[in-house]
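# Descriptive structure summary
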Amino acid sequence: MTADPAATPSGGVTTRFCPSPTGLVHVGVMRAALFNWAHARHTGGRFVFRIEDTDAARDSEESYRHLLDCLRWLGLDWDEGPEVGGPHGPYRQSERHEIYRDVAARLLEAGHAYESFSTPEEVTARRLAAGQDPKLGYDNADRLLTEEQKAAFRAEGRAPVLRLRMPDTDLAWDDLVRGEVRFAAGSVPDFVLVRGNGVPLYPFVNPVDDALMGITDVLRGEDLLPSTPRQLALYDALTDIGVAPGRPRFGHLPLVMGEGNKKLSKRDPQSNFDVYRERGFLPEGMVNYLALLGWSIAEDRDIFSPEEMVAAFDVRRVSPNPARFDVKKAEAINATHLRALPVEDFVERVVPFLAREGLVSDPPTDEQRRVLEAIAPLAQERMIVLSDAVGLVGFLFTDEVEIDPAAAEKQLSGPDAAEVLDAASAALTDLPEWTAPAIETALKESLVDGLGRKPRQAFGPVRVAISGRTVSPPLYESMEQLGRERTLARLAAARRLVPGSAGG
RNA sequence: GCCCCCAUCGUCUAGCGGUCCAGGACGCCGCCCUUUCAAGGCGGUAGCACGGGUUCGAACCCCGUUGGGGGCACCA
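Now for a quick tour of the structure. None of the values given here were measured: they were computed from a predicted structure. (Residues numbered from 1 in each chain as written. Chains lettered and ligands numbered in written order. Predicted model: local features only at pLDDT ≥ 70, side-chain atom pairs only at ≥ 80, totals over all residues. Heavy atoms only, no water.)

### Section: the overall build of chain A
Scanning chain A from N- to C-terminus turns up 20 helices and 11 strands. Each principal axis of the C-alpha distribution contributes one length, and for chain A these read about 105 × 50 × 40 Å. For chain A, the share of sequence-separated contacts (at least 6 apart) that also reach a separation of at least 24 residues comes to 75%. Put simply, chain A shows about 23000 Å² of open surface, and 51% of that area lies on carbon and sulfur atoms. If you average the places of the 58 positive and of the 77 negative side-chain charges in chain A, the two averages end up 4 Å apart. (Helix = DSSP H or I, 4+ residues; strand = E, 2+ residues; numbered from the N terminus. Contact = heavy atoms within 4.5 Å. Areas by Shrake-Rupley, 256 points an atom, 1.4 Å probe, with all protein chains shown as cover. Lys, Arg positive; Asp, Glu negative; His and termini not counted. Charge placed at Lys NZ, Arg CZ, Asp CG, Glu CD.)

### Re helix H1 (residues 27–42)
For H1, with 16 residues, the first-to-last C-alpha span of 22 Å sits near the 22 Å given by 1.5 Å per residue. The element H1 is largely enclosed, with a buried count of 13 among its 16 residues. Two residues or fewer after H1 comes Gly44, characterised by a positive phi angle close to 70°. (Expected span 1.5 Å × (residues − 1). Buried < 20%, exposed > 50% of the residue type's maximum accessible area, 1.4 Å probe, protein only.)

### Let's talk about the packing of helix H12 (residues 343–356) against helix H13 (residues 366–380)
One way to put it is that H12 packs onto H13 with a least axis distance of 10 Å and a crossing angle of 105°. In terms of their interaxial angle, H12 and H13 are classed as roughly perpendicular. Each of Val343, Phe346, Val347, Glu348, Val350, Val351 and Leu354 in H12 lies in contact with H13, whose residues at this interface are Arg369, Leu372, Glu373, Ala376, Pro377 and Gln380. Split by residue class, the contact of H12 with H13 holds nine nonpolar, one polar and three charged. (Axes fitted to C-alpha atoms, helices over the stretch in contact; angles between N-to-C directions. Parallel < 35°, antiparallel > 145°, perpendicular 65-115°, else oblique. Nonpolar A, V, L, I, M, F, W, Y, C, P; charged D, E, K, R; others polar.)

### Overview of the pattern of salt bridges
If you walk through the whole model with that rule in mind, you get 42 salt bridges. With its nearest N and O atoms 2.6 Å apart, the salt bridge here joins Arg158 to Glu122. On the criterion of sequence distance, the pair formed by Arg158 in the loop between helix H5 (147–155) and strand S4 (161–164) and Glu122 in helix H4 (residues 120–129) is long-range, its members being 36 residues apart. With a shortest N-O distance of 3.4 Å, Glu381 and Arg382 are connected by a salt bridge. (Salt bridge = Lys/Arg side-chain N within 4 Å of Asp/Glu carboxyl O.)

### Section: the nonpolar core
Core analysis: the largest hydrophobic core is formed by 55 residues, its most contacted members being Phe346, Val393, Leu428, Leu443, Val462 and Met479. When near neighbours in sequence (up to four residues on either side) are disregarded, Val462 contacts Val420, Leu421, Ala424, Leu447, Leu475, Met479 and Leu491. One finds Trp37, Leu74, Phe281 and Ala330 within the second-largest nonpolar core, a separate group that totals 51 residues. (Core = buried A, V, L, I, M, F, W, Y, C linked by side-chain atoms within 4.5 Å.)

### Some points on the protein's contact with RNA strand B
Looking at RNA strand B, there are 59 residues lining it, with Arg178, Arg195, Asn261, Asp302 and Thr470 nearest. Close to the protein, within 4 Å, the atoms of RNA strand B are drawn from sugar and phosphate at a rate of 70%. Within the contact set of RNA strand B, a base oxygen lies 3.2 Å away from a backbone nitrogen or oxygen of Gly196. In this structure, a phosphate oxygen belonging to RNA strand B sits 3.4 Å away from a main-chain N or O atom of Arg324. (Near = heavy atom within 4 Å. Polar contact = N/O pair within 3.5 Å; in protein donor to acceptor, adjacent residues only side chain to side chain.)

### Digging into the pairing of strand S2 (residues 46–49)
By the bridge criterion, four bridges tie strand S1 (residues 14–17) to S2 in an arrangement that is parallel. Across the sheet, residue Thr15 finds its bridge partner in S2, namely Phe47. Between S1 and its parallel partner S2, the chain crosses via H1, and the hand of that crossover is right-handed. (Pairing = 2+ DSSP bridges. Right-handed = clockwise from strand over helix to strand, strands pointing away.)

### Brief notes about the packing of aromatic side chains
Under the criterion given, the structure shown has 12 aromatic pairs. Here Phe35 and Phe313 contribute two aromatic rings whose centre-to-centre distance is 5.3 Å and whose plane-to-plane angle is 70°, an arrangement assigned as edge-to-face. Residue Phe35 is located in helix H1, and its partner Phe313 is located in the loop between helix H10 (306–312) and strand S11 (323–324); the two are separated by 278 residues in the primary sequence. Accessibility assignment for this pair places Phe35 and Phe313 in one class, buried. Geometrically, the ring pair formed by Tyr276 and Phe281 is edge-to-face, given 5.3 Å between the ring centres and 85° between the ring planes. Using a relative accessible area of 3% as the deciding quantity, one classes Tyr276 as buried. Residue Phe281 is classed as buried on the basis of its relative accessible area of 3%. Members of the aromatic cluster, joined through ring pairs, are Phe35, Trp295, Phe304 and Phe313. Its guanidinium or amino end placed over the ring of Phe35, Arg31 lies 5.3 Å from that ring's centre, counting from NZ or CZ. Here the basic side chain of Arg92 rests over the ring of Tyr64, its NZ or CZ set 3.7 Å away from the ring centre. (Phe/Tyr/Trp six-rings, centres within 6.5 Å; stacked < 30°, edge-to-face > 60°. Lys NZ or Arg CZ within 6 Å of the ring centre and 35° of its normal.)

### Describing unusual backbone geometry
Most peptide bonds adopt trans geometry, and most residues besides glycine take a negative phi value. Geometrically, the link from Gly89 to Pro90 is a cis peptide bond, its omega value of 0° lying close to zero. Assignment of secondary structure puts Pro90 in the loop between helix H2 (61–74) and helix H3 (97–110). The amide bond that connects Asp362 to the next residue, Pro363, takes the cis arrangement and shows omega of 5°. Tracing the chain through its elements places Pro363 in the loop between H12 and H13. Here Glu83, not a glycine, exhibits a phi torsion of approximately 65°, which is positive. The exposure class assigned to Glu83 is exposed, which follows from its relative accessible area of 51%.

### Quick look at the environment of Leu255
With respect to the secondary-structure elements, Leu255 resides in the loop between strand S9 (249–253) and strand S10 (256–257). The sequence separation of Leu255 and Pro322 amounts to 67 residues, and the corresponding C-alpha distance is 4.8 Å. Discounting chain neighbours no more than four positions away, the residues touching Leu255 are Glu222, Asp223, Lys263, Pro322 and Ala323.

### Brief notes about the sheet that holds strand S3 (residues 113–116)
Read across the open sheet, the three strands follow the order S3-S4-S7; overall the sheet is antiparallel. Every other strand in the sheet has two partners, leaving S3 and strand S7 (192–194) as the edge strands with one partner each. Between one strand axis and the next, the sheet turns through 45° on average, direction left out of account. Across four bridges, the pairing between S3 and S4 is antiparallel. Across the sheet, the residue bridging to Glu115 is Leu162, located in S4. Across the sheet, H3 touches S3, S4 and S7, and the angle it forms with S3 is around 95°.

This is how it looks when you write it as structure tokens:
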């Protein structure tokens, strides 16, 4: 419970990620995790993962498990923390209460902290009485309470909170991303470390654990910047009583903004990390985009791998500007990574998404795998996220193809469609060789040359008949994979949908 | 209200006093390719918030203004 010199090797960097397991995982939180991880890896340092579950009312075990899963999915491995262990455990604050109780007692004993009996209502009343804005907060009125006064409050049944005595000096630090930041002496009131009921608060346990775990560099959101003076003061007190080895460095990352000009809130659907996973963003695509929220690898480049990020990451080059989360750009980045995937890798990753819809089994049958591998290169380049495969290649794995109503309206509504579909069926029924080139030749001869149709008019209805959509992988290859029987069946089925025609 | 942060194309950014009549990416718009849709190729659109300094010289340094944002709990 004292500063462990071995925990902070001179010059070595130790960063941490310390979310609280309360509900949905926010993309900004994962961005913070990524930057801490990249900073540790780049400097050859350590990355600690700690769970801040001091709020029993809001924390959940499910959320805790989910957090681990998200980190692992992104590829952010930790050197110390849950399920990994380490010399500074436990790594869940709910299991560290004795530690906080002990540190609080020592702070009180050393005079850095004191018992405070004022209720929030009393503080407000005093501010008002003095003609001041209640927003100024606590007025440090209990600093000089005598033992008699304290006894009197206790006799009333009041339980005191523990407050830190703030120093009467300026509090300043050299922020890793912003340079010097300074708060004037007296501008930050004495704050609460421990509640009246004995439960320690976040502003207390967070620095205590950072100190005990040898954290040297704290990278966190700019929204926490105003709380830094308090942490600094606490750190100085902890250093004085031998709990901390000194102050860590702080770096305040730019906020992640939403649609308007506001911080992306947990309420905003865009902020939910899970939706990107579920849509089939790649971890490497997500890492790439998240990294771009405040950092850039080079002047003329924005596609890179996690490894490349680690090699190049320099926290001093992180931008201080707030960054808007741009789904369009995230998609573009992801699409680039998706297309770069080797076919086998792509197939592996896409299978769970197809399986989820019952289109293939997981693992796929040999036949399903064969078809997937054949169509993959053609599908990959027209996909943005893995779940796109469901709509794009699903028609190859089911006989219950739903024809998109809009597609039908566009391609299967006129008399031309009937003529085209009939001609296509005729051309394909006795085709000697069922290969993409043969199919291409037959259809072009029949539809383009024979009927005199423009290619786009000739193949539109056929595509919709085969795939149910106006967008699909290349037609001939798709038909080849589908097989003659199913292809003819779909042409016939579509033929029956054409209104007001003989076949209907 | 108080404290703090931020300020280059619509968006994310490069730029760390001259090499910038500002570069890249996303988006958007054309053109090419073409069996749809994409992808790809080519081209285009659009920005240093304003005002003072400092300097031979400022997007870059300083001050102010304006604008935007964040924080002000016995939540985290």
